[in-house]
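This is what each chain is made of:
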Amino acid sequence: MPFISKDWRAEGDQWIKTDDGNWERMKVIECESKNPNSSNNESSSFSPPPHCQIILRSTREIAGFNGLDVAVKRLDFKSSVKNQRRFQYICALLKLLVSGEVILTSLSGGAQRILLQMIEEVALHVNNSKQHINTLRDLVGQLRQLVEQENQKCWGKPLGSQNLWFAHLETIERIQNIASQIEIEPDTAINPQLTELPEECIRKIILQMSDHKDLESAASAWSLMAYIIQEQRIWRELSKFHFSQQQIDSILEKMSLLDTLDRHRNWQTIYHTLRKKYGLRDDFQYTEVLALCRFCRCLFWPMTGHPCISESPEFKEKLEKAGLSFESIEKTQLVPPHQFLKYFSL
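All values derive from a computational prediction rather than experimental measurement.

J.: Could you give an account of the packing of helix α12 (residues 232-242) against helix α14 (residues 267-278), with specific residues and numbers?
T.: Put simply, α12 and α14 touch, their axes get as near as 8 Å, and they point 25 degrees apart. Considering the angle they form, α12 stands roughly parallel to α14. In this structure, α12 meets α14 at a crossing whose hand is left-handed. Where α12 abuts α14, its residues Q232, W235, R236, L238, S239 and H242 lie against W267, Q268, Y271, H272 and L274. Looking at the contact of α12 with α14 residue by residue, the classes come out as five nonpolar, five polar and one charged.

J.: Can you break down the environment of A179 residue by residue, with the values?
T.: Its location among the elements puts A179 in helix α8 (residues 162-180). Separated by 40 residues in the primary sequence, A179 and L139 place their C-alpha atoms 9.9 Å from one another. The residues contacting A179, other than those within four sequence positions of it, are L136 and V140.

J.: Pulling in residues and values, what's your account of the side chain of E121?
T.: With respect to the helices, strands and loops of the structure, E121 is situated in helix α6 (residues 109-129). Sequence-distant contacts of E121, that is, excluding residues within four places in its chain, are made with K78, V81 and K82.

J.: Describe in detail the packing of aromatic side chains, supporting the description with residues and values.
T.: Summed over the entire model, instances satisfying the criterion amount to seven aromatic pairs. Relative to W301, the ring of F77 lies with its centre 5.7 Å away and its plane at 50 degrees, an arrangement referred to as tilted. Of this pair, F77 sits in helix α4 (residues 77-80) while W301 is found in the loop between β5 (298-300) and α16 (313-321), placing the two residues 224 residues apart along the sequence. Note on accessibility: F77 and W301 belong to one class, buried.

J.: Break down the state of the cysteines for me, citing the residues and quoting the values.
T.: Overall, the coordinates contain zero disulfides when judged by the stated rule. Here C293 is not disulfide-linked; the sulfur of C308 is the nearest cysteine sulfur, at 3.4 Å.

J.: So what's going on with the pattern of salt bridges? Residues and values would help.
T.: By the definition in use, this model includes ten salt bridges. Note that K82 and E121 form a salt bridge whose closest N and O atoms lie 3.8 Å from each other. Placement of the pair is K82 in the loop between α4 and α5 (87-99) and E121 in helix α6, with a sequence separation of 39 residues. The exposure class assigned to K82 is exposed, which follows from its relative accessible area of 56%. Among the residues examined, E121 registers a relative accessible area of 15% and is labelled buried. Two residues, R86 and E288, come together in a salt bridge whose shortest N-O distance is 3.1 Å. Taken together, the residues R86 in the loop between α4 and α5 and E288 in the loop between α15 (282-285) and β4 (291-293) connect sequence positions 202 residues apart. A single burial state applies to R86 and to E288, both of which are buried. The network of salt bridges with common partners includes E199, E200, R203 and E231.

J.: Lay out the side chain of E120 in plain terms, naming residues and giving numbers.
T.: In this structure, E120 sits in helix α6. Aside from chain neighbours lying at most four places away, what touches E120 is T171, R174 and I175.

J.: Break down the sheet that holds strand β6 (residues 332-334) for me, citing the residues and quoting the values.
T.: Here four strands make up an open sheet; going across it, the order is β3-β5-β4-β6 and the pairing antiparallel. A single partner strand is all that each edge strand has here, and the edge strands are β3 (51-53) and β6. The sheet shows a mean angle of 25 degrees between the axes of neighbouring strands, direction not considered. In the sheet, β3 pairs with β5 via three bridges, with the strands oriented antiparallel.

J.: Which residues make up unusual backbone geometry, and what are the values?
T.: You will see that K130, though not glycine, has its phi angle at about 60 degrees, which is positive. By the element assignment, K130 lies in the loop between α6 and α7 (133-151). We classify K130 as partly exposed; its relative accessible area is 34%. Not every positive phi belongs to a glycine, and H132 is a case in point at roughly 60 degrees. Examined against the element boundaries, H132 turns out to sit in the loop between α6 and α7.

Procedures and definitions
- Residue positions within a chain follow its written sequence, with the count starting from 1.
- With the structure being a predicted model, the display of local features is reserved for residues of pLDDT at least 70 and the display and counting of side-chain atom pairs for 80 or more, all residues being used for whole-chain, interface and lining totals.
- With hydrogens and water stripped out, all remaining heavy atoms of the structure feed into the side-chain values.
- Throughout, an axis means a line fitted to C-alpha atoms (over the contacting stretch in the case of helices), and angles, computed between N-to-C directions, take values from 0 to 180 degrees.
- The numbering of helices and of strands both runs from the N terminus, where a helix is a DSSP run of H or I of at least 4 residues and a strand a run of E of at least 2.
- An angle below 35 degrees is read as roughly parallel, one above 145 as roughly antiparallel, one from 65 to 115 as roughly perpendicular, and any other as oblique.
- By the definition used in this description, the sense in which the near helix is turned from the far one sets the handedness, with an anticlockwise turn below a right angle giving left-handed and a clockwise turn giving right-handed.
- In this description, contact between two residues means that some pair of their heavy atoms is separated by no more than 4.5 Å.
- Gly is placed with the polar residues, together with every amino acid not listed as nonpolar (Ala, Val, Leu, Ile, Met, Phe, Trp, Tyr, Cys and Pro) or charged (Asp, Glu, Lys and Arg).
- Pairing of aromatic side chains here covers Phe, Tyr and the six-membered ring of Trp, requires ring centres within 6.5 Å, and sorts the geometry by plane angle: under 30 degrees stacked, over 60 edge-to-face, intermediate tilted.
- Only protein chains enter the accessibility calculation, which uses a 1.4 Å probe; a residue whose area is less than 20% of its type maximum is buried, one above 50% is exposed, and one in between is partly exposed.
- Disulfides are defined in this document as cysteine sulfur pairs within 2.5 Å.
- When a carboxyl oxygen of Asp or Glu lies within 4 Å of a side-chain nitrogen of Lys or Arg, that pair is called a salt bridge.
- In this scheme, strands are said to pair when DSSP sees at least two bridges between them.

Laid out in structure tokens, this is it:
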């Protein structure tokens, strides 16, 4: 007998055509409209913060598939670009996608469009704030390389929909135009100027930098900064900021510098050796990192939180019956950009 009723395997999602002519799921649009940063206090007061439940492993009942485009929308990445705490994290994620050639090969058409819209949002934010220009230039350079590579495939034509590809080219051209028009003019009305500050103030500013690339850029910008950055104290403090004392001692022992005096050590070389061996910690590189809840398997921003099943008293009673303590269980796990991409079939 034929099965003529509604398929029980269907998600039951309602699809709605948006203003830009694309089709989106109703639950994703509702999640976007319930942005806690929106100006409508009445609707935002009852809306949950951005979060996205993911599938960590496949079972017979649940297929291990997570949509990158849905996760990006539910976590409100596009609006988070304007958040200074999340900007570097989102840009690092965009760099991984663009440099890995995922945008034009493995992603779906909707995910490609959302990714380019996020990069365009980054370009608009950089243009308005006049900050993180080097980050935008790196993204634009990688986009340019991708376009050149895709134009050389399949006898000069990229795979996939030609209309979608032409829409991508228009978006990339807009991003390049925004990046090329950004100009920073020094404000002469601000006093005192950076060049008028004493050397100790410049040293304090340099000691607040946590990335060696920023130090190298500062050294090329001003001769006084280049002179200060050559000091061993700058690189020693940077090494102690990123690495533990045990890691530093292991490198000093390997370099036969453990028993030498501090002034005889080249801390710049020690820092780069530590960076190549251990890498920089993600929680130090970004102000805010996505977190994964171990209870409800949701990705969320730690500053805003998420509705969790652990908040219910029934869940805590089940833990007590199982002989587990709620305080002793690790509730969240930080998710760096490269780990975030592993949750999706790219």
